[in-house]
Amino acid sequence: MNPLDRRATSLRFIDQRLDILDQRLLPHEERWHRCDTPDELIGHIHSLAVRGAPLIGIAASLMVAQRALAGIPASQLLDELEALRASRPTAVNLMNYLDRLRPLLQQGADAAHIASCALAIFDQDQALCQAIGEAGLSVIPSASRVLTHCNTGSLATAGIGTALGIITLAHARGLKPNVWVDETRPLLQGSRLTAWELARADVPHRLICDNMAASLMAAGEVDLVLVGADRIAANGDTANKIGTYGLAVLAHHHKIPFYFAAPVTTIDPACPNGAAITIEQRQPDEVRGAKTAGGELLFSPPGTAVSNPAFDVTPASLISAWITDRGVHRQASELPVGDPY
C-alpha cells in the first residue's frame, strides 16, 4: 500500500487523488466522485454530497495536499485554501484544519511536507473518534434507549464517528444500546444515513419523525440523548444540526441527560458564545420538497417563502456534558481550550 493512501467510509485519497462518496444518494446508491479541483469539492460541500464537520475539514485539507503535489504554486494554493475555508461557515473543524496548512504555504513548505500534514489530520481524526468512543461508554448504561439526531458516524468522519461512534462501540462492547433515529428534516440525514450505518453495524434501531421525540420522552421511552456538534463556543454553547436545540429543551423538561460528542477540534475558544456563531442559511427548495428517483416532489405551493437555517444553538445550561477525546466534561469550564494537535 502506498504510504500516502488513506481510506474511510466516505472518503478516499488514493494515488494522490481525492474521491468522495455521494451522501445525497445513500442509502440506495453508493456512487463515488473524483474531485480534481477545489471548485468541484466546494460544489460537493455546498450540495452535501460530502458532509459532517470533521469530514469536510479533512476533505478540504486533502484537496490542498492534492493540489500541492500536482505542483500548483503557493500563491494560488492560498487563494484556493481561502475559498475552501469559506464553503461552510458554521462547522469550525474546516477552519481549524485549513488554518494548520496556511502557514506552511506562506512559508514555502514543499509539497511532501504539506501532504504529510494533511494526512496527519486524517490520522488524527481516526484517533480522536476512537478516544471519543471510549470516553462516551461511561454515559451509556446497559440496554439504554438512546435518541440521536442527524448523522455523526463514520460517514461524517475519518474514523468510527463521534456520537454514533460511541453508540456503535457500545454495541460492540456488549452494552446493547437501542437507538431512536430522528429522521432529521429537511434532508433526512437520520433516516438515510444514520439508519444505514446502524443497520451495517447490526445495532437495534427504530426510525422516528422529528416531531415524535416529545411523546417518546413523555412515555419514558428515552434514557438519554446523544448528538454531535459543529462548533462549541468558549462558554459551552453548541451549534449542531437544526432541531438539536428543541431536543435539548424537551430533554431538560423530562429530566433526560443530553450529551454532545465532538473532538477538541470542534471547540472554538475565539467564539465567546452561541450568539457569535454564524448560522448557515440553505436553499429554500430543501424545505419546499424533495428530490426523488422520478424527479422532484413538492410539498408546498411553488414559490412559498422559506426559512432554512442549517443549524441551531443549544445553550450550555441545557447540556449535561460534552464528550470529547479528552473525556467527559460536565461543566463548560472543563472543556479543553484550543487545538493542541
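What counts, and where the lines are drawn
- Along each chain, residues carry numbers from 1 onward, in the same order as the chain's sequence is written.
- At least 70 in pLDDT is required for a residue's local features to be given in this predicted model, at least 80 for side-chain atom pairs to be given and counted, and no such filter applies to totals for whole chains, interfaces and linings, which use all residues.
- Side-chain measures here rest on the full set of heavy atoms in the structure, leaving out hydrogens and waters.
- UniProt positions are given in the numbering used here, feature names are shortened, and annotations may be inferred rather than shown by experiment.
- To pair, rings of Phe, Tyr and Trp, with the six-membered ring standing in for Trp, must have centres within 6.5 Å; the planes then decide the type, stacked if under 30 degrees apart, edge-to-face if over 60, and tilted in the middle.
- Per-residue accessibility, obtained with a 1.4 Å probe over protein chains only, is compared with the maximum for each type, and a residue is labelled buried under 20%, exposed over 50%, and partly exposed between these values.
- When the NZ atom of lysine or the CZ atom of arginine is within 6 Å of a ring's centre and also within 35 degrees of its normal, the charge is said to sit over that ring.
- Pairs of strands are assigned from DSSP output, requiring at least two bridges between the strands.
- Under the DSSP-based scheme used, a helix requires at least four consecutive residues in state H or I and a strand at least two consecutive residues in state E, with every element numbered from the N terminus.
- When the strands point away from the viewer and the path from the first strand over the helix to the second turns clockwise, the crossover is right-handed.
- For cavity detection a 1 Å grid was placed over the protein atoms alone, and a set of points counts as a cavity when a 1.4 Å probe fits there but cannot get out; an open set counts as a pocket when protein lies on both sides within 12 Å along at least five of seven lines, with lining residues being those that have an atom within 4 Å of a point.
- Grid points are joined across faces, edges and corners, and a volume is the space filled by probe spheres set on the points.
- Any residue that is not Ala, Val, Leu, Ile, Met, Phe, Trp, Tyr, Cys, Pro, Asp, Glu, Lys or Arg is counted as polar, Gly included; the first ten are nonpolar and the last four charged.

For the chain, the name recorded in an unreviewed UniProt entry is Methylthioribose-1-phosphate isomerase, with Oceanococcus atlanticus as its organism. Annotation of the chain in UniProt includes, under Sequence similarities (unreviewed entry), the sentence "Belongs to the EIF-2B alpha/beta/delta subunits family. MtnA subfamily." The annotation that UniProt attaches to the chain under Function (unreviewed entry) is "Catalyzes the interconversion of methylthioribose-1-phosphate (MTR-1-P) into methylthioribulose-1-phosphate (MTRu-1-P). Also catalyzes the interconversion of 5-deoxyribose 1-phosphate and 5-deoxyribulose 1-phosphate. Part of a bifunctional DHAP-shunt salvage pathway for SAM by-products."

Using the criterion set out here, one finds one aromatic pair in the structure. Residues Phe258 and Phe260 carry aromatic rings whose centres are separated by 5.4 Å and whose planes lie at 70 degrees to one another, so their mutual orientation is edge-to-face. Both residues of the pair, Phe258 and Phe260, count as buried. In this structure, Arg12 packs its charged tip against the face of Trp32, placed 3.8 Å from the ring centre.

Let us look at the pairing of strand S7 (residues 205–208). Pairing between strand S6 (residues 178–182) and S7: four bridges, direction parallel. Paired with Trp180 across the two strands is Arg206, which belongs to S7. Where the polypeptide runs from S6 across helix H7 (residues 189–200) and back to S7, its parallel neighbour, the crossover connection is right-handed.

In this model, the second largest pocket occupies a volume close to 170 Å³. Around the second largest pocket, the lining residues are His149, Asp182, Arg185, Pro186, Asp210, Ile242, Gly243, Leu247, Val287, Ser307, Asn308 and Pro309. Residue composition of the lining of the second largest pocket, by class: five nonpolar, four polar and three charged.

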